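Residue-level listing of the chains:
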Amino acid sequence: MKKLSKYFFLLLILTYSCSTVKHVPDNSLLLVQNTVLLDSVKQKGDSINNLLIQKPNVKAIGLPLSLYFYNIGNPKGSRDVPEWAKNHPGWYNSFKDVFSEKQSISVANTFIGLNNWFLNNGQPPVIIDDAKTKKTAKKIKTYFFTEGYFRSKVSFKKEEIDTKKGAITYTIQKGEPSFIDTIRTNIRSKVLDSIYQEHAGKSFLKRGKQYKNNDFIKEADRLVKLYRNKGIFHFNENYIEFVNDTLNDYRKTNVELGVLDRLIEKDGSYISKPFKTQKINTINIYTDYSYNTRNEPYKDSVSFRKINFFARKKLRYNPKYLSQSIFLKPGQIYTDSLRTLTQTHLRGLRNFKTTSIRYTEVKNSDELLNANIFLTPIEKYTIGLETELSRSNIRNFDISAKFSITNRNTFKGAEIFKFSMLGSYFNSRNGPGWELGSNISLEVPRFMAPFGLHKLVPRTSFYTGLSIQRNIALDKQNISLGVDYKWQFSRTKSIQLELLNAQYIRNLNVGNYFNIYSSEYRKLISIGGNVIPNIQVPENIPGNFNAITDYANIIINNANNLSSSDLTSLSNIINRYGIITSDFLIPEIAYTFTYNNQENIKDANFSYFSARIANSGNVMGLLSKQKNQSGQATVFKIPVAQYFKTDLEYKKFWDLGDNNVLAHRTFLGAIITYNQSTIPFSRSYFAGGSNDIRAWRTYDLGPGRRPPGLEYNIGSLKFLSSFEYRFDIAGNLKSAIFVDAGNIWDITNSSSVDEESKFKNLKSITDIAIASGFGIRYDFKFLVARLDLGFKAREPYLTGNRWFRNFNFSNAVYNIGINYPF
């Protein structure tokens with residue numbers, strides 16, 4: 001703790017040694033504070049502060065780090081080599097005399113580049129600008145005018161609060177607001193007036209409501225959406241006008257809503273005509289549209305369910321399936337919503353670069369529209385190649401490559417077929433190793449099911465894969481097979497049904513068990529020393545597995561002579577050996593619900609929730625009449641994993657402004673087995689790692705209060721909660737401060753599990769481990785490289801005081817990761 005305090009104190013000294021006014025010119029003031037007084041009350045919300053043109057330099061953890069970064073550079077520094085040589089003749093001539101002028105030029109360019117890097121990635125000091133202050137005052141006054149305060153007053157005051165540091169105070173007097181007194185309409189078209197009257201109750205403008213400009217904007221948007229979804233294709237906001245009258249009393253606003261007739265160009269001049277409801281006449285789909293070949297004739301065409309399909313060469317898409325993404329029908333009243341839905345589904349097929357829906361009026365008829373859908377296909381075959389370098393506590397160095405071939409529109413129904421091969425070479429605890437795998441998947445953009453359920457328009461995926469490992473753990477062979485359905489039934493909600501997610505896991509090198517799990521070997525030898533001290537102890541070396549198991553059988557045969565603690569430890573070793581070395585068949589069925597209201601990738605103020613419920617072996621267990629010695633259901637002598645599993649995850653992100661984000665994640669998962677089944681290693685929970693509790697390495701923590709020592713610690717219950725404060729340092733260089741809390745436990749009620757590992761009741765919550773730390777991240781735009789340093793704040797396995805006993809750099813864990821942990 002003392003060592004960490006020294007480092008932190010040194011960091012504070014370095015930080016505060018950078019003067020914030022280092023590059024502030026004389027007779028100028030660095031803006032350090034804005035104060036907004038609204039009717040004598042100090043304001044802290046974003047609604048007014050966002051109006052301020054000038055704001056103090058961005059702060060993170062209370063410090064203007066970007067300004068400090070900028071101040072390391074010199075804005076008046078040399079811009080080229082001759083200028084640097086003139087400003088630093090001693091340095092330049094020394095390198096020239098000792099080495100050569102070429103080296104002097106290189107040194108000059110290095111210093112110039114370094115200086116520019118600090119300036120470009122830092123934030124220059126915000127100098128108070130009187131002209132911008134006046135503009136801000138006008139901007140605030142305009143804002144309150146739009147809020148109905150037509151007689152508001154805004155003043156400002158600049159004052160020096162320290163050497164070269166200043167503050168601005170804005171004083172606002174709102175005055176009395178204006179309220180809507182009367183509302184009348186002047187809608188020229190009878191069709192539009194009828195539609196308006198039918199939906200007038202949903203208007204944002206209400207008599208007696210305070211005048212707000214935003215209500216008028218929302219009302220205009222409402223009318224545009226209303227009319228365009230009622231067949232008025234040519235309607236837009238330019239046909240809407242609001243006339244507001246406050247001449248008699250500024251506190252009362254009389255509103256007149258006007259909707260103009262449609263303007264039509266004819267013979268070089270415009271004439272107005274009443275709007276009419278328009279219907280769809282014909283629907284034409286051009287399946288291979290390209291701008292470069294737009295004038296070439298279409299040689300192939302077919303009509304299906306009154307929809308016309310065209311292709312310049314040969315029609316490659318089956319109209320029956322492509323039409324399932326078309327929600328427009330001939331004779332249907334035009335609506336924007338169905339146009340958007342059609343475009344969304346066509347894009348979701350992931351077969352087209354661009355999708356465009358254009359409407360044209362039928363000649364000599366202003367009530368009919370032709371819908372023309374232009375689709376530009378993606379190349380049928382694409383090849384992908386991905387490479388990755390990684391490191392973990394299991395694999396010291398790992399280089400992998402993935403090669404894939406994608407075939408789109410495989411069976412003329414916009415299907416996506418993908419074949420991929422994965423290979424990796426790594427250096428593990430046992431020396432060099434490798435892994436090979438291949439996967440085949442077929443994605444169908446519809447429900448492949450009987451009884452007409454395909455009309456629900458989800459996405460179906462079929463997949464199978466095979467992977468083989470060598471010289472890592474027990475060299476697993478993994479065969480997978482699955483079918484799942486996905487529905488994106490709203491912008492924020494989606495459902496996934498894994499009708500089959502089957503895996504067959506086979507251990508190819510069980511003889512390597514004690515070499516990998518050496519802690520189990522040491523426990524076994526310790527027990528043997530108490531009960532069979534005269535038997536020679538076998539060495540834990542490759543190829544000596546049979547000798548170790550023979551030694552273990554001798555201990556088992558003398559189990560009556562064991563103490564109760566040794567008997568429990570022996571039972572634990574046997575049980576753990578059975579779980580890890582057993583082959584498993586895992587026929588899983590799962591349902592997942594996901595809610596995510598993130599607007600886009602840049603949105604940093606959103607919520608995420610996911611719930612997954614899974615069952616393995618229920619159907620197959622009922623069908624199978626075979627059981628092994630442990631009473632587990634088997635198929636071809638392979639144990640069938642039988643369990644229920646539930647995973648809940650919640651994430652919340654708060655945008656604190658200036659690229660400061662507070663992120664939270666909570667995870668809760670549990671597995672319950674039945675029919676004497678055990679939990680497959682691959683389905684168990686673990687704790688620790690770069691995306692988990694970052695003060696412990698992967699598999700190092702838990703379960704419960706069990707002390708560290710085992711190579712792989714797993715559990716059947718997991719809780720994890722994290723808070724992370726993310727902020728910018730300078731440019732693309734970012735940082736974070738985090739706290740992680742959680743652990744894993746055993747809830748199988750197995751007699752072979754030690755008491756420290758079990759979750760017994762709510763008191764077991766005291767087994768929570770807590771980590772805290774900080775990280776450095778660099779944003780490369782396409783990925784974020786991450787280095788997080790985790791410190792052990794609370795260790796549940798310690799006796800006595802569990803807090804901050806190993807909170808230091810020597811016991812810290814360095815986590816390297818790609819992108820954010822959550």
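Below, the structure is looked at part by part. On a predicted model such as this, the values are computed, not experimentally measured, just so you know.

### Here's the deal with the nonpolar core
Counting 24 residues, the largest nonpolar core has Tyr513, Phe514, Leu524 and Ile555 as the members making the most contacts within it. Those elements that place two or more of their residues in this core are α12 (513–516), α13 (518–531), α14 (545–557) and α15 (564–581). Once residues lying within four places of it in the same chain are set aside, the contact partners of Tyr513 are Leu474, Glu520, Phe545, Arg576, Tyr577, Ile580 and Thr581. The next biggest cluster of nonpolar side chains, apart from the first, holds 23 residues, and it includes Ile280, Ile307, Leu322 and Leu369.

### Re the sheet that holds strand β11 (residues 300–304)
Reading across from one edge, β11-β12-β10-β14-β13 is the order of the five strands in this open sheet, with mixed pairing throughout. The two strands at the open ends of the sheet, each matched to only one other strand, are β11 and β13 (352–361). Between one strand axis and the next, the sheet turns through 20° on average, direction left out of account. Bridging between β11 and strand β12 (residues 307–311) involves five bridges; their strand directions are antiparallel. Bridge assignment links Val302 to a residue of β12, and that residue is Phe309. Against the sheet, helix α11 (residues 336–348) makes contact with β13 and β14 (368–377), and its axis sits at roughly 155° relative to β13, the strand it touches most.

### Topic: the packing of helix α5 (residues 89–98) against helix α6 (residues 101–121)
Where α5 meets α6, the closest approach of the two axes is 7 Å, and the angle between their N-to-C directions is 145°. Considering only the axes of α5 and α6, their crossing is right-handed. Contacts from Tyr92, Phe95 and Lys96 in α5 reach Glu101, Ser104, Ile105 and Val107 in α6. In the contact of α5 with α6, the residues fall into four nonpolar, one polar and two charged.

### With respect to the environment of Leu720
By the element assignment, Leu720 lies in strand β29 (residues 717–730). Using a relative accessible area of 3% as the deciding quantity, one classes Leu720 as buried. Those residues in contact with Leu720 that lie beyond four places of it in its chain are Arg665, Thr666, Phe667, Asp692, Ile693, Ala741 and Gly742.

### Digging into the packing of aromatic side chains
Each aromatic ring pair is summarised here by two numbers: the centre-to-centre distance and the angle between the ring planes. Taken as a whole, this structure holds 47 aromatic pairs when the rule is applied. With centroids separated by 5.0 Å and ring planes inclined at 85°, the aromatic side chains of Phe233 and Tyr334 adopt a geometry described as edge-to-face. Of this pair, Phe233 sits in the loop between α9 (213–228) and β6 (240–245) while Tyr334 is found in the loop between α10 (319–322) and α11, placing the two residues 101 residues apart along the sequence. Here Phe233 matches Tyr334 in class, with each residue buried. Pairing Tyr286 with Phe310 gives two aromatic rings, centres 5.2 Å apart and planes at 20°, and the pair type is stacked. Remark: Phe310 occurs in strand β12 and Tyr286 occurs in strand β10 (residues 279–286); sequence separation between them is 24 residues. Grouped by ring-pair contacts, the aromatic residues Phe774, Phe791, Trp803, Phe804, Phe807 and Phe809 constitute a single cluster. One Lys or Arg, Arg358, reaches over the ring of Phe374 and ends 4.3 Å from the middle of that ring. The aromatic ring of Trp696 is capped on one face by Lys792, whose charged end is 5.4 Å from the ring centroid.

### As for the environment of Ile556
With respect to the helices and strands, Ile556 occurs in helix α14. The partly exposed category is assigned to Ile556, whose relative accessible area is 36%. The spacing of Ile556 and Pro64 is 492 residues in sequence and 67 Å in space, taken between C-alpha atoms. When residues no more than four places from it in sequence are discounted, the contact partners of Ile556 are Leu570 and Ile574.

### Here's the deal with a positive patch on the surface
Taken together, the side chains of Lys132, Lys134, Lys135 and Lys138 make up a positively charged region of the molecular surface. Assignment of secondary structure puts Lys135 in helix α7 (residues 130–146).

### Digging into α6
With 21 residues, α6 extends 30 Å from end C-alpha to end C-alpha; this agrees with the ideal 30 Å at 1.5 Å per step. Along α6, the residues classified as buried are Ser104, Val107, Ala108, Ile112, Asn115, Phe118, Leu119 and Asn121. Buried residues belonging to α6 abut α3 (65–72), α4 (81–87), α5 and β29.

### As for the pattern of salt bridges
For the coordinates displayed, the defined rule picks out 37 salt bridges. Notably, a salt bridge pairs Asp215 with Lys209, separated by 3.4 Å at the nearest N-O pair. Overall, the relative accessible area of 32% leaves Lys209 in the partly exposed class. Ionic pairing is found between Lys276 and Glu367, a salt bridge with its closest N-O pair at 4.0 Å. Here Lys276 is found in the loop between β9 (269–273) and β10, whereas its partner Glu367 is found in the loop between β13 and β14, with 91 residues between them in sequence. Look at Lys276 and you get partly exposed, because its relative accessible area is 36%.

### Observations concerning the sheet that holds β6
Reading across from one edge, β5-β7-β6 is the order of the three strands in this open sheet, with mixed pairing throughout. Every other strand in the sheet has two partners, leaving β5 (179–187) and β6 as the edge strands with one partner each. Pairs of neighbouring strands in the sheet enclose a mean axial angle of 20°, with direction left out of account. The pairing of β6 with strand β7 (residues 252–259) spans six bridges and is antiparallel. By the bridge assignment for β7, Phe242 is matched with Leu257. Strand contacts of helix α8 (residues 190–198): β5 and β7, with the helix running at about 145° to β5, the strand carrying the most contacts. Across the sheet, α9 lies against β5, β6 and β7, angled at about 150° from β6, the strand it touches most.

Criteria and cut-off values
Residues numbered from 1 in each chain as written. Predicted model: local features only at pLDDT ≥ 70, side-chain atom pairs only at ≥ 80, totals over all residues. Heavy atoms only, no water. Core = buried A, V, L, I, M, F, W, Y, C linked by side-chain atoms within 4.5 Å. Buried < 20%, exposed > 50% of the residue type's maximum accessible area, 1.4 Å probe, protein only. Helix = DSSP H or I, 4+ residues; strand = E, 2+ residues; numbered from the N terminus. Contact = heavy atoms within 4.5 Å. Pairing = 2+ DSSP bridges. Axes fitted to C-alpha atoms, helices over the stretch in contact; angles between N-to-C directions. Left-handed = near helix turned anticlockwise from the far one by under 90°. Nonpolar A, V, L, I, M, F, W, Y, C, P; charged D, E, K, R; others polar. Phe/Tyr/Trp six-rings, centres within 6.5 Å; stacked < 30°, edge-to-face > 60°. Lys NZ or Arg CZ within 6 Å of the ring centre and 35° of its normal. Patch = residues over 30% accessible without salt bridge, like charges linked within 9 Å, V, L, I, M, F, W, Y side chains within 5 Å. Areas by Shrake-Rupley, 256 points an atom, 1.4 Å probe, with all protein chains shown as cover. Salt bridge = Lys/Arg side-chain N within 4 Å of Asp/Glu carboxyl O. Lys, Arg positive; Asp, Glu negative; His and termini not counted. Charge placed at Lys NZ, Arg CZ, Asp CG, Glu CD. Expected span 1.5 Å × (residues − 1).

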